[in-house]
Structure formats: structure tokens, C-alpha cells
Amino acid sequence: MNEIMNIEEFREYCLAKKAVSEGFPFDDTTLVMKVADKIFALANLDGDLRINLKCKPEKAIELREQYPAVQAGYHMSKKHWNTIFVDGSIADDQIKSWIDDSFNLVISKMPKSFRDRLRI
């Protein structure tokens with residue numbers, strides 16, 4: 001079994017992206033990752049790691065059906081957000097790919113000139 005992603009690995013992966021900032025706008029246990037003031041990822045700091053990521057609606061449903069550790073977004077729009085329970089059942093590379101998807105989905109709504117500078 002692979003080593004399970006921890007909060008520091010999640011944090012470092014997100015912060016390595018251009019124009020990303022972190023903060024605690026809701027409470028002191030929910031780490032929020034933003035690109036240009038738009039949320040693309042959230043993580044809890046209490047208990048086992050859970051990550052909320054934005055997702056296209058049809059993909060969100062597909063992932064929930066395929067992976068028991070992926071559920072409708074906790075305290076988020078269930079249509080556009082998934083909560084991933086980071087329990088080792090999903091490879092870190094897959095989770096990183098979903099972080100990338102969430103980041104790109106959020107920046108897709110921004111002006112093209114800005115998007116071009118941020119794409120991974």
C-alpha cells in the first residue's frame with residue numbers, strides 16, 4: 001500500500017501552482033486554497049484528511065460511483081463539488097490529477113490572458 005497523502009503534501013502541491021493563496025476564511029480547521037480569490041480546493045485540519053474539489057457535474061457523479069472514498073461535496077454545492085476521503089484507497093497521483101482538474105475548471109471562467117499565464 002502506498003503512503004497516504006497528508007495535509008502538508010496537499011498544501012505544497014496546491015501552493016506550487018501559480019497565483020495560489022491559502023487561508024482560513026471559514027474557521028480555523030478548514031484550509032482554503034484559492035486562485036485569484038476563487039476557491040478551487042478545501043481541506044480539513046481535524047481528523048482524517050478530507051479534500052473538497054470542484055468538478056464538472058457529470059464527472060462528479062461518475063467519480064462518486066467509481067470510488068467509495070469520493071462523496072458529494074460536504075457543505076458545498078453537491079452538483080459541482082466532491083469530497084475525497086484521503087484514506088489510501090485512491091492513489092496520490094489520481095488525487096493530484098483531480099486537484100489539477102479543479103484548478104483548471106476554476107480558471108476556465110477567468111479572462112483568457114490570465115488563464116494562459118496559469119495553465120499547468
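Look above for the structure.
Residues numbered from 1 in each chain as written. Predicted model: local features only at pLDDT ≥ 70, side-chain atom pairs only at ≥ 80, totals over all residues. Heavy atoms only, no water.

A closer look at unusual backbone geometry
Glycine aside, a negative phi is what most residues show, and trans is what most peptide bonds show. Despite not being glycine, Ala 19 shows a phi value in the positive range, around 65°. Mapping Ala 19 onto the fold places it in the loop between helix H1 (7-15) and strand E1 (20-23). In this structure Ala 19 comes out as partly exposed when scored by relative accessible area, which is 45%. Backbone geometry places Asp 37, a non-glycine residue, at a positive phi of 65°. (Helix = DSSP H or I, 4+ residues; strand = E, 2+ residues; numbered from the N terminus. Buried < 20%, exposed > 50% of the residue type's maximum accessible area, 1.4 Å probe, protein only.)

Topic: the side chain of Lys 17
Turning to its location among the elements, Lys 17 is positioned in the loop between H1 and E1. A polar contact of 2.6 Å, which involves the side chain of Lys 17, links it to the side chain of Asp 100. (Polar contact = N/O pair within 3.5 Å; in protein donor to acceptor, adjacent residues only side chain to side chain.)

Quick notes on the nonpolar core
If you look at the biggest cluster of nonpolar residues, it comprises 29 residues, and the most contacted ones within it are Phe 10, Phe 40 and Ile 51. When contributions to this core are tallied by element, the ones reaching two or more residues are H1, strand E2 (30-35), strand E3 (38-44), strand E4 (50-54), helix H2 (57-66) and helix H3 (92-107). With six residues, the top contributor of residues to this core is H3. (Core = buried A, V, L, I, M, F, W, Y, C linked by side-chain atoms within 4.5 Å.)

Let's talk about the pattern of salt bridges
Evaluation of the coordinates by the stated rule reveals four salt bridges. Among the ionic pairs, Glu 8 bridges to Arg 11, the shortest N-O distance being 3.2 Å. With Glu 8 and Arg 11 both in helix H1, this residue pair falls three residues apart, about one helical turn. A relative accessible area of 23% means that Arg 11 is categorised as partly exposed. (Salt bridge = Lys/Arg side-chain N within 4 Å of Asp/Glu carboxyl O.)

A word on the packing of aromatic side chains
Tallied over the entire structure, the rule returns two aromatic pairs. Their ring planes at 85° and their centres at 5.3 Å tell us that Phe 40 and Phe 103 sit as a pair that is edge-to-face. Of this pair, Phe 40 sits in strand E3 while Phe 103 sits in helix H3, and the two are 63 residues apart along the sequence. A centroid spacing of 5.2 Å and a plane angle of 75° characterise the contact between Tyr 67 and Trp 98, whose relative ring orientation is edge-to-face. One end of the pair, Tyr 67, is in the loop between H2 and strand E5 (70-72); the other, Trp 98, is in helix H3, and 31 residues separate them in sequence. Residue classification places Tyr 67 among the buried positions, given a relative accessible area of 18%. Looking at Lys 17, its charged tip hangs above the ring of Phe 103, at a distance of 5.4 Å from the centre. (Phe/Tyr/Trp six-rings, centres within 6.5 Å; stacked < 30°, edge-to-face > 60°. Lys NZ or Arg CZ within 6 Å of the ring centre and 35° of its normal.)

As far as function goes, none of this settles anything; it's purely spatial.
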